[in-house]
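As a plain string of letters, each chain reads:
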Amino acid sequence: MKILGLPIPDTIMKMCKPAQVYLILSLISMTLYLISMLDVHDKVLDVEPAGEGIHYYTLSGLVIKIIFTILWIYLLNYICQFKYGKKIAWFIVLLPFFFMGLMLIGLLCAISFITLQSKKNKDLQQKIDSQPQQPQQQPQQPQQQPQQPQPQQQQQQQQPKMAQMAVKEPLSELLR
């Protein structure tokens, strides 16, 4: 069999389908890794001309990725030999995509929740800001007032004013 005019080796054709799919995904991943490795290396050299360490670091990462891919393909091929091996191998190959989908759904839910909460907070703040200030009623004072109120009486007179200022609608009423 040929793909793009290149013959495919028999060893690849003899692999089970999950191992072949993993090989294709790994080749795509390694190609993108190689492209980003070269791009990062060029950017580091632009910023720091003596930055040779980044090239060797990413090259060793690429080598580790190739070794890991080869070992993983052999493991998938080995699992495929058992009775339910193909199903288990497909599960193992597709499991990262399943988790990525769950993470994406969770992220979208979190973003929508944050957006809705911020909208509710803005609406609540506008309601609070738009409420007319109720004039505070002065407590009726007795007809006879002492010439100079004592400090304790002043504190008692201020407490009802503070209590009136603190009384607002309950939060549950504002959220409706």
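Residues numbered from 1 in each chain as written. Predicted model: local features only at pLDDT ≥ 70, side-chain atom pairs only at ≥ 80, totals over all residues. Heavy atoms only, no water.

Q: Mind showing me how you'd approach the overall build of the protein here?
A: Scanning the protein from N- to C-terminus turns up six helices and two strands. In sequence order, the protein lays out its α and β elements as β-β-α-α-α-α-α-α. A buried classification covers 14% of the 176 residues belonging to the protein. Of the contacts formed within the protein by residues at least 6 apart in sequence, a portion of 63% connects residues at least 24 apart. Total accessible area computed for the protein in this model is approximately 15,200 Å², and 65% of it derives from carbon and sulfur atoms. (Helix = DSSP H or I, 4+ residues; strand = E, 2+ residues; numbered from the N terminus. Buried < 20%, exposed > 50% of the residue type's maximum accessible area, 1.4 Å probe, protein only. Contact = heavy atoms within 4.5 Å. Areas by Shrake-Rupley, 256 points an atom, 1.4 Å probe, with all protein chains shown as cover.)

Q: Explanation requested: the packing of aromatic side chains in the structure shown.
A: The relative placement of two aromatic rings is captured by the distance of their centres and the angle of their planes. Applying the stated criterion across every chain, the model contains four aromatic pairs. Judged by centre distance (5.9 Å) and plane angle (10 degrees), the ring pair of F68 and W72 falls under stacked. One end of the pair is F68 and the other is W72, both in helix α3 (residues 53–80) and four residues apart, which spans about a single turn. One aromatic cluster in this structure is built from Y22, F68 and W72. (Phe/Tyr/Trp six-rings, centres within 6.5 Å; stacked < 30°, edge-to-face > 60°.)

Q: Just checking my understanding: could you explain the pattern of salt bridges for this structure?
A: Opposite charge on two side chains makes pairing possible when the charged atoms of those side chains draw close. Taken as a whole, this structure holds one salt bridge when the rule is applied. A salt bridge links K119 to D123; the shortest N-O distance between them is 3.6 Å. On the criterion of helical spacing, the pair formed by K119 and D123 is a turn pair, its members being four residues apart in helix α4 (residues 85–130). Judged by relative accessible area, D123 falls into the partly exposed class, the value being 36%. (Salt bridge = Lys/Arg side-chain N within 4 Å of Asp/Glu carboxyl O.)

Q: Quick question: what am I supposed to make of the nonpolar core here?
A: Generally speaking, a soluble globular protein has its nonpolar side chains buried in company with each other. Residues M15, C16, A19, Y22, L23, I73, L76, I79, C80, A89 and V93 constitute the largest nonpolar core, which totals eleven residues. Counting residues per element, the ones that place at least two in this core are α2 (17–47), α3 and α4. Sorting elements by how many residues they give to this core places α3 first, with four residues. (Core = buried A, V, L, I, M, F, W, Y, C linked by side-chain atoms within 4.5 Å.)

Q: Can you walk me through the environment of F68 in this structure?
A: Accessibility expressed as a relative area gives 48% for F68, which makes it partly exposed. Once the C-alpha coordinates of F68 and S26 are considered, the two residues, 42 residues apart in sequence, prove to be 9.8 Å apart.

Q: Before we go on, may I ask you to explain α4 in this structure?
A: Turn by turn, an α-helix covers 3.6 residues, leaving residues three or four places apart pointing in a common direction. The first and last C-alpha atoms of α4 sit 67 Å apart over 46 residues, in line with the 68 Å expected at 1.5 Å per residue. Of all the bends in α4, the greatest, near 45 degrees, is centred on L94, and the proline P96 appears no more than four residues after it. Taken residue by residue, α4 has G85, A89, V93 and L124 as its buried positions. (Expected span 1.5 Å × (residues − 1). Bend = angle between axes of the 7 residues up to and from the residue.)

Q: Mind showing me how you'd approach the state of the cysteines here?
A: Disulfide: a covalent bond formed between the sulfur atoms of two cysteine residues. Summed over all chains, the structure comprises one disulfide. Disulfide pairing places C16 opposite C80 at an S-S distance of 2.2 Å. Here the disulfide of C16 and C80 is right-handed, its torsion about the S-S bond being about 65 degrees. One end of the pair, C16, is in the loop between α1 (10–13) and α2; the other, C80, is in helix α3, with 64 residues separating them in the sequence. (Disulfide = S-S within 2.5 Å.)

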